[in-house]
Amino acid sequence: MAIERHAMPEREPEVRARDFAEVNLGFTQVLAAAEAERCLQCRNPLCIEGCPVRVNIPRFIDLVAEGDLAGAAGSLLSDNALPCVTGRVCPQESQCEGRCLRGKKGQPVAIGALERYVADWAARNRDLLPHTTHAPSGKRVAIVGSGPSGLTAAGELVRSGHQVTIFEAFHAPGGVLIYGIPEFRLPKDIVQAEVDRLRAEGVEIEVNAIVGKTWTLAELRERYEALYLAVGAGLPVFMDV
């Protein structure tokens with residue numbers, strides 16, 4: 001318990017004040033391994049309960065500590081469709097890290113920083129990750145909206161063997177990840193890389209497709225076995241529903 005939490009390196013204030021590039025630099029391999037060693041590998045991991053998508057946090061952190069980054073990446077990606085994004089913008093302090101046992105008498109394990117490190121490593125080393133194929137289910141699913149909800153649903157569904165098509169009204173996918181989060185917090189090329197990975201897994205994305213004009217809901221229901229509306233939190237608020 002005496003090992004202090006390792007801080008993520010950042011760009012110097014006088015440098016980052018002159019542009020909108022990302023502030024945080026991410027863990028180095030040495031820092032990631034040292035921080036992973038702080039995990040207590042609890043028998044009852046409350047951090048998993050604090051994670052909205054139930055990532056097996058102790059498992060991927062243990063693999064980081066062992067130096068098995070390919071294994072850690074495989075574990076993380078099997079649980080989370082957008083780890084490069086969530087490792088940067090998820091409110092870990094009130095979710096997984098907020099439930100970390102080490103936080104009871106000190107600083108919690110830097111779960112978000114470790115997630116980001118593993119996800120970024122995976123993005124740079126796709127050729128080292130095992131390529132898994134899924135038996136086609138023969139079912140087609142349409143998703144309206146390519147924000148975090150739509151992209152996550154697409155990632156889960158395509159791994160179950162379903163044929164997935166996302167319909168996005170704007171010219172680029174990403175939703176609030178693109179237009180709602182500043183570049184210094186979540187670079188747009190990071191979002192694009194996650195989108196490209198989902199496309200490589202078989203997700204189709206049709207942009208400039210306004211459901212209600214380009215396609216109607218009735219037409220989509222005829223073409224697909226299931227339809228998921230991922231239009232974001234803003235639209236229901238605007239409609240007062």
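Okay, so let's go over this structure.

Parameters and conventions
- Residues numbered from 1 in each chain as written.
- Predicted model: local features only at pLDDT ≥ 70, side-chain atom pairs only at ≥ 80, totals over all residues.
- Heavy atoms only, no water.
- Phe/Tyr/Trp six-rings, centres within 6.5 Å; stacked < 30°, edge-to-face > 60°.
- Helix = DSSP H or I, 4+ residues; strand = E, 2+ residues; numbered from the N terminus.
- Buried < 20%, exposed > 50% of the residue type's maximum accessible area, 1.4 Å probe, protein only.
- Lys NZ or Arg CZ within 6 Å of the ring centre and 35° of its normal.
- Pairing = 2+ DSSP bridges.
- Right-handed = clockwise from strand over helix to strand, strands pointing away.
- Axes fitted to C-alpha atoms, helices over the stretch in contact; angles between N-to-C directions.
- Core = buried A, V, L, I, M, F, W, Y, C linked by side-chain atoms within 4.5 Å.
- Contact = heavy atoms within 4.5 Å.

**Thoughts on the packing of aromatic side chains**
For step 1, the next point in the chain: If you walk through the whole model with that rule in mind, you get three aromatic pairs.
For step 2, the next point in the chain: Ring centres 6.1 Å apart and planes at 65° place the aromatic pair F167 and W215 in the edge-to-face group. Of this pair, F167 sits in strand β2 (residues 163-167) while W215 is found in the loop between β3 (204-206) and α11 (217-223), placing the two residues 48 residues apart along the sequence.
For step 3, the next point in the chain: Overall, W215 belongs to the partly exposed group, its relative accessible area being 22%.
For step 4, the next point in the chain: A ring pair is formed by F167 and Y224, whose centres lie 6.1 Å apart and whose planes are at 85°; its orientation type is edge-to-face. Pair noted here: F167 is in strand β2 and Y224 is in the loop between α11 and β4 (226-229), with a separation of 57 residues, a long-range link.
For step 5, the next point in the chain: Judged by its relative accessible area of 8%, Y224 falls in the buried class.
For step 6, the next point in the chain: Here a set of aromatic residues connected by ring pairs shows up, and it is made of F167, W215 and Y224.
For step 7, the next point in the chain: A cation over a ring is seen here: R140 above Y224, with NZ or CZ 5.2 Å from the ring centre.

**Description of the pairing of β2**
Sheet faces and side chains relate simply in a regular strand, where the side chains alternate between the two faces.
For step 1, the next point in the chain: Taken across its five residues, β2 has four buried, putting it largely inside the fold.
For step 2, the next point in the chain: In terms of strand pairing, strand β1 (residues 140-144) meets β2 through five bridges, oriented parallel. Its bridge partner lying in β2, R140 is registered against Q163.
For step 3, the next point in the chain: Handedness of the crossover joining β1 and β2 through helix α8 (residues 148-159) is recorded here as right-handed.
For step 4, the next point in the chain: Of the strand pairs in this sheet, β2 and β3 are connected by three bridges, and their pairing is parallel.

**Considerations on the sheet that holds β2**
For step 1, the next point in the chain: Taking strand neighbours across the sheet as the criterion, the four strands line up as β3-β2-β1-β4 in an open arrangement whose pairing is parallel. On the outer flanks of this sheet lie β3 and β4, each paired with one strand and no other. Strand after strand, the sheet turns through a mean of 20° between neighbouring axes, direction not considered.

**Re the nonpolar core**
For step 1, the next point in the chain: Counting residues in hydrophobic clusters, the biggest one holds 53 residues, and the most contacted among them are I57, F60, I61, V64, V118, I143 and V203.
For step 2, the next point in the chain: With eight residues, helix α7 (residues 111-124) is the single largest residue contributor to this core.
For step 3, the next point in the chain: Beyond its immediate stretch of four places on either side in the chain, I143 contacts G150, A153, A154, L157, V164, T165, I166, F167, Y228 and A230.

Worth remembering: the numbers are spatial, not functional.
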